[in-house]
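Chains, contacts and geometry: an overview
Here's the letter readout for the chains.
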Amino acid sequence: HPDMSLAQDIHRVMMVHSSTLSVEDATAIIGMDPAALLDKVISRVGTGGKSVEEAIKENEAKYNKTEEDSTEDKKKDEEEDSDKTDEIVEPLLNAALYRHLQSTLGYNKSDALSEVNLTAIEAHHEAIIKILRENITKAKDEAGDMEVLHAHMDVARYCAKCTTKEMALSAYEEVVALPKLSIGKKLDAYLEMTRVCSFWGDWKSMNETLTKAAKVIEKGGDWDRRNRLKAYQAMSYLCSRDLKSASTLLVEGIATFSCAELCEYSEFIMYAIVTNLLYLKRTEVKKSIIDGSEILQVSKDIPVVMQLANTLYECDYKAYLHTLVDLQPHLVANRYLQPHAGYILRELHVLAFQQFLDSYQSVTLESMATSFGVGVEFLDLQLSRFIAAGRLTAKIDKYGGVVETNRPDWKNARYQEMIQKGDLLLNRIQKLGRVVDL
């Protein structure tokens, strides 16, 4: 906990509620009616369809046990988990999240939990957390450091599941503050904190937590945790729209992905493809994406993104633009990509226009419009906008109906840049020299 697949479901319900994502597109992407998904989300966040009294009683029974009972239950759970294929999803009993969804989505069905119910659930959590904290005291008095760590982690994970972001982060801060805590365990705690921040959409705290984790990993840590940290950092870069940094970490993490708690593997591959199309050279796109063995294994799960990569590589620009239209709802339906959907689509348009124009010194607007399957006026509008913004090195001869490419002189541009930076450095050295003389 927190469950990141639940976070995706909540995001999709929100997008449908705000009419940002159509019901038809949502149904096609999710595989179920959004109204049914809403009921599923509310049930999961609440009591799972049970009465409040029954749900509280079941949850209470898990923690009001003797030590011997708990040990036996753990062994039994491990045996059952090894045999289970379809695990029963337990309700979260998260009153804070339930209130948020209820107010945002206007959920007022007859089976909705009342404020009295939510208050009772919160009082129940306070009692459970008190029991868990008593276990910490008991571990300090009767057991060793490892048992104390486990007791603290039990509190933090319970708060992450059932309470607010603030309570969960506070509990995890207690974990990382423990003396004699190994680098691996501290990194695990930071990564769990990162998921809490991500679940609640606090991208700033997520980035700050990962910065702390990166400092910890510099002191040591195994390769598995290093790879997991890279995956988490990639998602953080994605959220802050640093797509270039994200693309590098994402493509590196394809072969070593082990963060099923963060996102599904097919989602991770989708992020890698969308970001790397913008920055990889065409030959690298072929090698790393189109012919990548790991990507081909999940290609059936992400047909739209694979078609995007293939049509761009094959220079089938008409099909490429059609695929961009199909891609848009998938971007909106994803909680990490939705805030940047417009930016990503614009960059993908620029990418295709630039790739097409690189093959010509001049080309008629009519010929280019035919290749892209759009009208001349629409193409003229798009090109003029990108040229004016400095995104395309070309100019339009409106009278002749021709687009002329201006190939930049990279060697001369780099020389000029070096001269400017050299002048700036000399000025700073002179200023430093005056200060030293004084």
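Residues numbered from 1 in each chain as written. Predicted model: local features only at pLDDT ≥ 70, side-chain atom pairs only at ≥ 80, totals over all residues. Heavy atoms only, no water.

1. Brief notes about the sheet that holds strand β3 (residues 402-405)
With antiparallel pairing, 3 strands are arranged side by side in an open sheet as β1-β3-β2. The strands lining the two open edges of the sheet, one partner per strand, are β1 (362-364) and β2 (394-397). Pairwise comparison of adjacent strand axes, ignoring direction, gives a mean angle of 20° for this sheet. Where β2 lies against β3, 4 bridges are found, and the strand directions are antiparallel. Looking across to β3, one finds that I396 is bridged to V403. Contacting β1, β2 and β3, helix α20 (residues 365-372) crosses the sheet at an angle of about 75° to β1. (Pairing = 2+ DSSP bridges. Helix = DSSP H or I, 4+ residues; strand = E, 2+ residues; numbered from the N terminus. Axes fitted to C-alpha atoms, helices over the stretch in contact; angles between N-to-C directions. Contact = heavy atoms within 4.5 Å.)

2. A few points about the side chain of E267
Looking at the element boundaries, E267 is found in helix α14 (residues 265-276). As a buried residue without a salt bridge, E267 has its nearest oppositely charged side chain in R12, at a separation of 4.5 Å. (Buried < 20%, exposed > 50% of the residue type's maximum accessible area, 1.4 Å probe, protein only. Lys, Arg positive; Asp, Glu negative; His and termini not counted. Salt bridge = Lys/Arg side-chain N within 4 Å of Asp/Glu carboxyl O.)

3. Here we look at the pattern of salt bridges
All chains considered together, the criterion is met by 22 salt bridges. Put simply, R391 and E347 hold a salt bridge, and the shortest N to O gap is 2.6 Å. On the criterion of sequence distance, the pair formed by R391 in the loop between α21 (376-388) and β2 and E347 in helix α19 (residues 341-357) is long-range, its members being 44 residues apart. Judged by its relative accessible area of 12%, E347 falls in the buried class. A single salt-bridge network, built from bridges that share partners, covers D188, D222, R225, R228 and E261.

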